Amino acid sequence: MIAYDGSRYIFLEQALKSESAWFINRRTFCKQLSAAAVLAANARAFSFATTASAPTALKNRAPLAPNAFDPLPLGAVRPAGWLHAQLQIQANGLGGHLDETWADVGPNSGWLGGIGESWERGPYFLDGLVPLAYLLDDTRLKTKAQKYIDWTLNNQQSNGMIGPHTNDDWWPRMVMLKALTQYQEATGDPRVIPVMQRYFAYQLSQLPTRPLRDWGKFRWHDEVLTVLWLYNRTGDPKLIELAKLLHQQGYDWQAEFADFKYTQRITREFIKLDEHNGLSDTGLATHGVNNAMALKASPVWALISGNDFDRKALLHQLAELDRYHGLPNGIFSADEHLAGLNPSQGTELCTVVEMMYSLEVALSVMGTPMLGDRLEQLAYNCLPGTFTDDMWAHQYNQQPNQVQCSLNHKPWTTDGPESNLYGLEPNFGCCAANFHQGWPKFAANLWMASGDDGIAAIVYAPSEVHTTIRNTLVRITEETDYPFRDKIRIAIHPETALAFPLQLRIPAWAKDASIRVNGQPRQAPQPDSFTKIERTWKAGDTVELTLPLEARTRKGFNNSIAFERGPLVFSYPIGEDWLKLRDRGMTADWQVYPTTQWNYAVQIDSIKATEAPVGEAPFTLKGAPVRLEVKARKLPSWVAEDGVANPVPESPVASYQPEETVTLVPYAAAKLRITAFPELKS
Ligand SMILES: [Zn+2]
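Residues numbered from 1 in each chain as written. Predicted model: local features only at pLDDT ≥ 70, side-chain atom pairs only at ≥ 80, totals over all residues. Heavy atoms only, no water.

Peer 1: So what exactly am I meant to see when it comes to the environment of valine 352 here?
Peer 2: Following the sequence through the fold, valine 352 ends up in helix α18 (residues 349-366). Of the residues examined, valine 352 reaches a relative accessible area of 0% and is grouped as buried. In this structure the C-alpha to C-alpha distance between valine 352 and glycine 288, which are 64 residues apart in sequence, comes to 9.4 Å. Excluding residues within four positions of it along the chain, valine 352 makes contact with Ile331, Thr347, Leu378, Cys382, Leu383 and Gln398. (Helix = DSSP H or I, 4+ residues; strand = E, 2+ residues; numbered from the N terminus. Buried < 20%, exposed > 50% of the residue type's maximum accessible area, 1.4 Å probe, protein only. Contact = heavy atoms within 4.5 Å.)

Set out below in structure tokens:
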């Protein structure tokens, strides 16, 4: 009955076979099983380097179209260096303690059998807690996650339904299924797949009479992804039938963007917010988080349709969002509906982490290198930029031009006055529950298996991979201080000499990238490509990739200027005065007021970069490993109203104020900031 090779499982199986097992009641058995799952997972993690069971990617099963890159199971890629330190910061902050201080995912959660919050918040928390726990190999976090997993797996109704009995909404179950697949990959727990099989069979029987509605209807693709995950493991054709039904009942995102009408800042009146509580189709179609999640809709559907037009529809979708709502930090405005190009508008944290996940999925399906450029831009700017350094507080909305975080009137389309405060659950608690997936899923997707039976570096950060390529164990280490430095050193350690292709993403901005294999230079790779190195690899072979980090500028709203260097965006850091609004259990809610002026116009002809050591908190002001110096003059006519910077004035602008040299820091380091500047007349 139990398929693990962990000794505790064999013990349990033997115990069950023995007479005494009849006296183990279900509750005790489940407790033992969950403890065993944690132990078995620990054992697996410990033994990656020495056993022949290193995690292997699963290819799509016919008739599904193949992926460009197949995701490696959770646990194959491990964070190292600064990325490991960053995940540890998350674990030491709200990420590892939320349930201790926030009732919505606490002991009374409906996903633990309680009568508390029983909708999306428990599953959201798990969707990030599970990968965080297993990537850090942290027993405390694994034990925490196991409680919700066990309750879900052990309390399936006889008809196949999962989750709290107090609601039958398909949507929160879509999230829990994502958490379950990650947990199954990390542990191999044999309970997961049968529970999913029964649930999907039940849903297939129910959907004709109880179809998808509101959130589930607009987020159908996230469940299709899970359905296909199971199909690749079981081959049950009923799952393809279910995936097609979800698509049929789901919102047609491709049609929305084929004739994109939502090109202006959305208003409460436009979506009739008060009449429909935000749940009108127009409200849901212009909702930021929905749009971020929907960036995976066309690629995921293309796996079933096999249609190249479906696969590429994402590129048009992304281009339209950029064209009408793009911001200089790499995301689109959504506060919390689409909000136009003004960099004083905001973006919800859920939108950031969901867009990251969509890009990870889309990269896997499509293999388009620029999606990796965008993913790094979100991960290295928007994600850390919206948290305090210790990750004990976050914002609901972040702004590229964020000059004050206070309760003043704000420019948001539909959000409330607390939206850009740093706190436990400013404005609304969804982000408090949902942010957890950001860093861990990014770390898990740094590397993927390639369709030609090799491996690919999808996005860059310090890491280590243990996987099987062409039936041979391979360990790969990636040492780097990227994105703060330009060198990436990859060492390959196959168990025996092995021929396979290694693919490296060359970002579009990397004009003079170079590669050396065992010290020997290779032909210069093209920017905006995956470059392939095919050879027989021997233990200790090294690849040195250099991605020159030249500072550059990008034009935006009103011809404003933003500064970039590699995937990092730079901002002018405004002096900060943090004022506690209220205590919130183990954390607090904060307002942040400016202590210095910020209204600069810039010159772009002389940008000077200076570097400092890369420490364990590189996204903080104190630890900023790189700064840019630019020439600027104050622009007295550019002011803030009610704590919001007026739209950046149309460039070029004239200023007769004295010339100054101002220092810019990585976007995430400046919690008050200017990112889009007016350009001075030359
Ligand atoms: Zn949210």
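Peer 1: Sorry, what's going on with the environment of glycine 423 here?
Peer 2: The residue glycine 423 is located in the loop between β4 (397-398) and α20 (430-434) in this model. Residue class for glycine 423 comes out buried when judged on its relative accessible area of 0%. Between the C-alpha atom of glycine 423 and that of aspartate 481, which follows or precedes it by 58 residues, the distance is 30 Å.

Peer 1: Looking at this model, I keep getting lost on helix α5 (residues 121-136). Mind explaining?
Peer 2: Two residues of an α-helix separated by three or four positions point the same way, owing to the 3.6 residues in each turn. Over its 16 residues, α5 extends 22 Å from the first C-alpha to the last, a length consistent with the 22 Å expected when each residue adds 1.5 Å. Counting buried residues along α5, 16 of its 16 residues qualify, which places the element largely inside the surrounding structure. Two residues or fewer past α5, aspartate 137 is found with a positive phi of approximately 50°. (Expected span 1.5 Å × (residues − 1).)

Peer 1: Teacher, can you tell me more about the pairing of strand β25 (residues 660-666) here?
Peer 2: Regular strands place side chains that alternate from one sheet face to the opposite one. Relative to β25, strand β17 (residues 568-573) runs antiparallel, the two sharing 2 bridges. If you follow serine 571 over to β25, its bridge partner there is valine 665. Relative to β25, strand β22 (residues 626-634) runs antiparallel, the two sharing 5 bridges. Along β25, the bridge assignment pairs leucine 628 with leucine 664. (Pairing = 2+ DSSP bridges.)

Peer 1: I tried to follow the coordination of the zinc ion on my own but got confused; where do I start?
Peer 2: Reference values for coordination geometry: four tetrahedral donors around a metal ideally subtend 109.5 degrees, six octahedral donors ideally subtend 90 or 180 degrees. Listed as protein donors to the zinc ion are Glu348 (OE), Cys350 (SG), Cys430 (SG) and Cys431 (SG); their distances from the metal cover 2.0 to 2.3 Å. Considering all 4 donor atoms around the zinc ion, angles at the metal cover 96 to 122° and the coordination shape is tetrahedral. Mapping the donors of the zinc ion onto the primary sequence gives the spacing E-x1-C-x79-C-C. With glutamate 348 in strand β3 (residues 347-348) and cysteine 431 in helix α20, this residue pair connects regions lying 83 residues apart in the sequence. Under the relative-accessibility criterion, glutamate 348 is labelled buried at 1%. (Donors = N, O, S within 2.8 Å, 3.2 Å for Na, K, Ca; no water. Tetrahedral: all angles 85-135°; square planar, octahedral: opposite > 155°, others 65-115°.)

Peer 1: What exactly am I supposed to notice about the nonpolar core here?
Peer 2: A general trend in soluble globular proteins is that nonpolar side chains are found buried together. Core analysis: the biggest nonpolar cluster contains 200 residues, and Tyr380, Trp439, Trp447, Leu504 and Leu547 have the highest contact counts within it. Broken down by element, this core gets its largest block of residues, 13 residues, from α18. Setting aside its immediate chain neighbours within four residues, tryptophan 447 contacts Leu72, Val77, Ile455, Ala456, Ala457, Ile458, Ser463, Val465, Ile476, Glu478, Ile490 and Leu502. (Core = buried A, V, L, I, M, F, W, Y, C linked by side-chain atoms within 4.5 Å.)

Peer 1: Help me understand the sheet that holds strand β2 (residues 77-79), please; the structure alone is not making it clear to me.
Peer 2: To summarise the sheet geometry, strands pair through backbone hydrogen bonds and adopt either a parallel or an antiparallel arrangement. Judged by pairing direction, the sheet is antiparallel, and its 7 strands sit side by side in the order β2-β7-β8-β9-β14-β11-β12 without closing on themselves. Edge positions in the sheet fall to β2 and β12 (520-521), since each of these pairs with one other strand and no more. Pairing geometry for β2 and strand β7 (residues 463-469), over 3 bridges, is antiparallel. In the sheet register, valine 77 faces β7, and the bridge partner there is valine 465.

Peer 1: Help me understand the sheet that holds strand β10 (residues 498-506) in this model?
Peer 2: Judged by pairing direction, the sheet is mixed, and its 5 strands sit side by side in the order β1-β5-β6-β10-β13 without closing on themselves. For this open sheet the edge positions go to β1 (69-71) and β13 (529-537), each flanked by a neighbour on one side alone. Within this sheet the neighbouring strands show an average axis-to-axis angle of 30°, counted without direction. Two strands pair when backbone bridges link them, and β1 and strand β5 (residues 447-450) are joined in this way by 3 bridges, in the antiparallel orientation. Residue pairing across strands places aspartate 70 opposite alanine 449, the latter belonging to β5. Across the sheet, helix α19 (residues 369-385) lies against β10 and β13, angled at about 60° from β10, the strand it touches most. (Axes fitted to C-alpha atoms, helices over the stretch in contact; angles between N-to-C directions.)

Peer 1: When you look at the pattern of salt bridges in this model, what are you seeing that I'm missing?
Peer 2: Oppositely charged side chains are able to pair whenever their charged atoms sit close together. One pass over the full model with this rule turns up 41 salt bridges. For glutamate 100, the salt bridge is made with arginine 140, and the minimal N-O distance between the two is 3.6 Å. Taken as a pair, glutamate 100 in helix α4 (residues 94-101) and arginine 140 in helix α6 (residues 139-154) lie far apart in primary sequence, 40 residues in all. Given a relative accessible area of 42%, glutamate 100 falls into the partly exposed group. The salt bridge involving arginine 191 is made with aspartate 189; its shortest N-O contact spans 2.7 Å. Taken together, the shared-partner salt bridges in this structure form one network comprising Asp127, Lys178, Asp222, Lys296 and Lys441. (Salt bridge = Lys/Arg side-chain N within 4 Å of Asp/Glu carboxyl O.)

Peer 1: Honestly, unusual backbone geometry in this entry has me stumped. Any pointers?
Peer 2: With the exception of glycine, the majority of residues adopt a negative phi angle, and the majority of peptide bonds are in the trans configuration. In this structure, the amide linkage connecting alanine 62 to the following residue, proline 63, adopts the cis form with an omega of 5°. Turning to its location among the elements, proline 63 is positioned in the loop between α2 (26-47) and β1. Its identity as a non-glycine residue notwithstanding, aspartate 137 has a phi of 50°, on the positive side. Tracing the chain through its elements places aspartate 137 in the loop between α5 and α6. Under the relative-accessibility criterion, aspartate 137 is labelled partly exposed at 32%. One non-glycine residue, asparagine 518, lies in the positive phi region at around 50°.

Peer 1: I'm lost on the packing of α4 against α6 in this one. Help?
Peer 2: In helix packing, the relevant descriptors are the interaxial angle and the interaxial distance, both defined with respect to the helix axes. Between α4 and α6, the shortest axis-to-axis distance is 11 Å and the interhelical angle comes to 50°. When the axis of α4 is compared with that of α6, the two are oblique. Once α4 is placed against α6, the crossing between them reads as left-handed. Here Gly96, His97, Asp99 and Glu100 of α4 come into contact with α6, specifically with Arg140, Leu141, Lys144, Lys147 and Tyr148. Across the contact of α4 with α6, the residue classes break down as 2 nonpolar, 2 polar and 5 charged. (Parallel < 35°, antiparallel > 145°, perpendicular 65-115°, else oblique. Left-handed = near helix turned anticlockwise from the far one by under 90°. Nonpolar A, V, L, I, M, F, W, Y, C, P; charged D, E, K, R; others polar.)

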